[in-house]
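The lines below spell out each chain.
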Amino acid sequence: MLAQRATQQSLRRLAASNPSMASQMVFKSLAVGSSMQTRYEILVAQRKNRPTSPHLTIYKPQMTWIPSALNRVTGSVLSGGFYVFGAAYLVSPLFGWHLDSASMAAAFGSLPVAAKVAAKFAVALPFTFHSFNGLRHLSWDLGKTFSNQAVIRTGYVMLGVSTVSAFWLALFA
Amino acid sequence: MASIVRPAVLRQTCLATASKRTFSTKLSASFPAINKPATSVLSRPAVRNAFVKDALPSAVRVAAFHASGRQAILPPLPQVIDGTANDAAPVPPPSPSHGSYHWTFERLISAGLIPLTIAPFAAGSLNPTTDAILCAAILIHSHIGFESIVIDYIPTKRLPKTRVLFWWGLRLATVVVGVGLYEFETNDVGVTEAIKRIWHA
C-alpha cells in the first residue's frame, strides 16, 4: 500500500512539473484559432467537455432523499406483485395454474410458521412503508411539514411506525 | 507491498483501479467510450504532452487521480450540441392536462387510497363494490407510478425505441391486469377477502 502511495505521489509531481511549457502549448493552439470559425469550434469543444452529474454514491445518505427513493422502490415492489398476480390470474386457465383464493390459502397455510411470518413481513414492510411515507409526500404536496427539521422528524417517526406495524402485521394480525 | 518487488503487480493494480474510476472531467481522451471527441482542441496530444509524458500508460495517469468505484447504471454518453453552442434549453409548450391537472389527478387518487386502505382494516373486509373501487384505484395509482419510472429511466432522447416499447407494453400490461382483476372480482371472493384468508391461513 505504501509503495502504491509513493508511486501516486511521484506521478502527481511529474504531472505538475514543467508548467511553463504547458502554457506555451496552450497559447500556440489558441493563436492558430484566430478566425471566428475556429473560435466557435473551440467553444463547441469546451461545451462538449463540461462535467456531467455525479452518481448517487457521491451524496451523503440523508433522511430527505433516501426514504423518497425507497418510496419508489417499495411502490414498485407492491405494484409489481399486483400486476404479476393480476396477469397470472387471467392466463391461469391456459396453463392450469390454481390461483383461486382457496388454493392459495391452502398452499400458504401448509408452509412452516417461520416461512409464513417471513413472507408476511416481506409483503407487510413495503406496504406499511409506502403507506406511511405516502402520507408524508401528500402532506408535502399541500406545503405542510416541509421544513428540513420537519422532514427529518417525520422521517424517523415514519420509519418507526412502519417497522413496528409491519412486525405487528407479520406476527399478530 | 509486493509491488516493490514485482512492478507487474503494481501495473495491474493501477489498471484495475483505472477501469473502476467513476467520473472524470480531465484526461478524457484515454476513455473514448465516455468522451468521444478525441479531436477536441482541449485534449490535443500536444497540450496533454505538456502536462504528462505519453510514455506513461494512460491508465496509470488516471489511476493516480481517481480511485473511487465505477457505477455503470446509465453512464453518460458523449455530449453533443443541438443547434448552436449558445441555444437555450427548449421550453415545452404549456399543457395543463399533462401538467397541473395530471398532477392533481395523481394526488386525488393517492389521497383517495387512504380511506380505501383503512376501510378493510376497520371493517374486517369490503363489500364487492368497495373492493372493486379499491382495485381500480390501486391499478390507476400503479399505472401512473410505472409511467413515471419509464419516463425517468428510459429517456426518449437516449433510448427512443425502448421507450416506445415500454410505454405501450405498460399500457398493455395495465389492460391485461385490469381484465384479470375483473375476472378475480367476479369469480372469486374479492381482493381484500382473499388477502385476509391467505394472511390467516
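Source: prediction; values computed, not measured.

Analysis parameters
Residues numbered from 1 in each chain as written. Chains lettered and ligands numbered in written order. Predicted model: local features only at pLDDT ≥ 70, side-chain atom pairs only at ≥ 80, totals over all residues. Heavy atoms only, no water. UniProt positions renumbered as here; feature names shortened; annotations may be inferred. Helix = DSSP H or I, 4+ residues; strand = E, 2+ residues; numbered from the N terminus. Contact = heavy atoms within 4.5 Å. Axes fitted to C-alpha atoms, helices over the stretch in contact; angles between N-to-C directions. Parallel < 35°, antiparallel > 145°, perpendicular 65-115°, else oblique. Left-handed = near helix turned anticlockwise from the far one by under 90°. Nonpolar A, V, L, I, M, F, W, Y, C, P; charged D, E, K, R; others polar. Expected span 1.5 Å × (residues − 1). Buried < 20%, exposed > 50% of the residue type's maximum accessible area, 1.4 Å probe, protein only. Phe/Tyr/Trp six-rings, centres within 6.5 Å; stacked < 30°, edge-to-face > 60°. Lys NZ or Arg CZ within 6 Å of the ring centre and 35° of its normal. pLDDT = per-residue confidence, 0-100. Salt bridge = Lys/Arg side-chain N within 4 Å of Asp/Glu carboxyl O.

Time to look at the UniProt feature "binding site: a ubiquinone" (unreviewed entry) in chain B. Annotation from UniProt places "binding site: a ubiquinone" (unreviewed entry) at Tyr153 of chain B. Within the element layout of this structure, Tyr153 of chain B appears in helix H6 (residues 128–153). Setting aside residues up to four positions removed in sequence, Tyr153 of chain B forms contacts with Arg72 of chain A together with Leu74 of chain B.

Here we take up the packing of helix H5 (residues 101–109) of chain A against helix H8 (residues 191–199) of chain B. Two elements in contact, H5 of chain A and H8 of chain B, have axes whose closest approach is 8 Å; the angle formed by their N-to-C orientations is 25°. With respect to their mutual orientation, H5 of chain A and H8 of chain B come out roughly parallel. You can see that H5 of chain A and H8 of chain B cross each other, and the crossing is right-handed. Within the contact between the two elements, H5 of chain A uses Ser101, Met104, Ala105 and Phe108 of chain A and H8 of chain B uses Ala194, Arg197 and Ile198 of chain B. Taken together, the residues of the contact of H5 of chain A with H8 of chain B sort by class into five nonpolar, one polar and one charged.

For H6 of chain B, built from 26 residues, the straight-helix expectation of 38 Å at 1.5 Å per residue is met to within 8% by its first-to-last C-alpha distance of 37 Å. Turning to H6 of chain B, its buried residues number three or more, namely Asp131, Leu134, Cys135, Ala137, Leu139, Ser142, His143, Ile144, Phe146, Glu147, Ile149 and Val150 of chain B. Buried-residue contacts for H6 of chain B involve helix H4 (66–95) of chain A together with helix H5 (100–123), helix H7 (160–187) and H8 of chain B.

The final tally for this structure, using the stated rule, is eight aromatic pairs over all chains. Taking the centre distance of 4.9 Å and the plane angle of 20° together, the rings of Phe95 of chain A and Trp97 of chain A count as stacked. Taken together, the ring pairs connect Phe85 and Tyr89 of chain A together with Phe184 of chain B into an aromatic cluster. When the ring centre of Trp167 of chain B is taken as origin, the NZ or CZ atom of Arg163 of chain B, which lies over that ring, is 5.5 Å away.

A separate point is the confidence of the model for chain A. In this model, chain A carries an average pLDDT of 86, and 80% of its residues clear a pLDDT of 70 or more. Confidence over residues 18–27 of chain A falls short of pLDDT 50; this stretch has seven contacts with residues more than four positions distant or in other chains.

What follows deals with the pattern of salt bridges. Residue and element names in this part refer to chain B. Scanning the model with the defined rule gives five salt bridges over all chains in all. For the salt bridge of Glu106 with Arg107, the shortest nitrogen-to-oxygen distance reads 2.5 Å. By relative accessible area, which is 16% here, Glu106 ends up buried. The partner of Glu193 in a salt bridge is Arg197, and the shortest N-O contact between them spans 3.1 Å. Here the residue Glu193 and the residue Arg197 both occupy positions in helix H8, the gap between them amounting to four residues, near one helical turn. You can call Glu193 buried: its relative accessible area is 18%.

With respect to the element layout, Leu138 of chain A can be found in helix H6 (residues 113–141). The exposure class of Leu138 of chain A is buried, given its relative accessible area of 17%. Separated by 21 residues in the primary sequence, Leu138 of chain A and Leu159 of chain A place their C-alpha atoms 17 Å from one another. Among all residues touching Leu138 of chain A, those that are not within four sequence positions of it are Arg107, Ser110, Ala111 and Ile114 of chain B.

All names here are of chain B. On average, residues of chain B score 77 in pLDDT, and 64% of them are at 70 or above. When the elements of chain B are averaged for pLDDT, helix H1 (residues 2–5) gives the smallest value, 44, and H7 the largest, 97. The low-confidence segment residues 43–53 (pLDDT under 50) makes 24 contacts with residues lying over four places distant or belonging to another chain. Across the interfaces of the predicted complex, the ipTM metric reaches 0.77, alongside a pTM of 0.71.

What follows concerns the UniProt feature "transmembrane region" (unreviewed entry) in chain A. Residues and elements named next belong to chain A. Here, UniProt's "transmembrane region" (unreviewed entry) annotation points to residues 69–92, 104–129 and 150–171. Spanning residues 69–92, this segment combines 100% helix with 0% strand, and its end C-alpha atoms are found 34 Å apart. Taken end to end, residues 150–171 comprises 100% helix and 0% strand; its first and last C-alpha atoms sit 31 Å apart.

Before going further, it helps to spend a moment on unusual backbone geometry. All names here are of chain A. The phi angle at Thr145 is positive, at roughly 45°, despite the residue not being glycine. The residue Thr145 is located in the loop between H6 and helix H7 (148–171) in this model. For Thr145, a relative accessible area of 35% corresponds to the partly exposed category.

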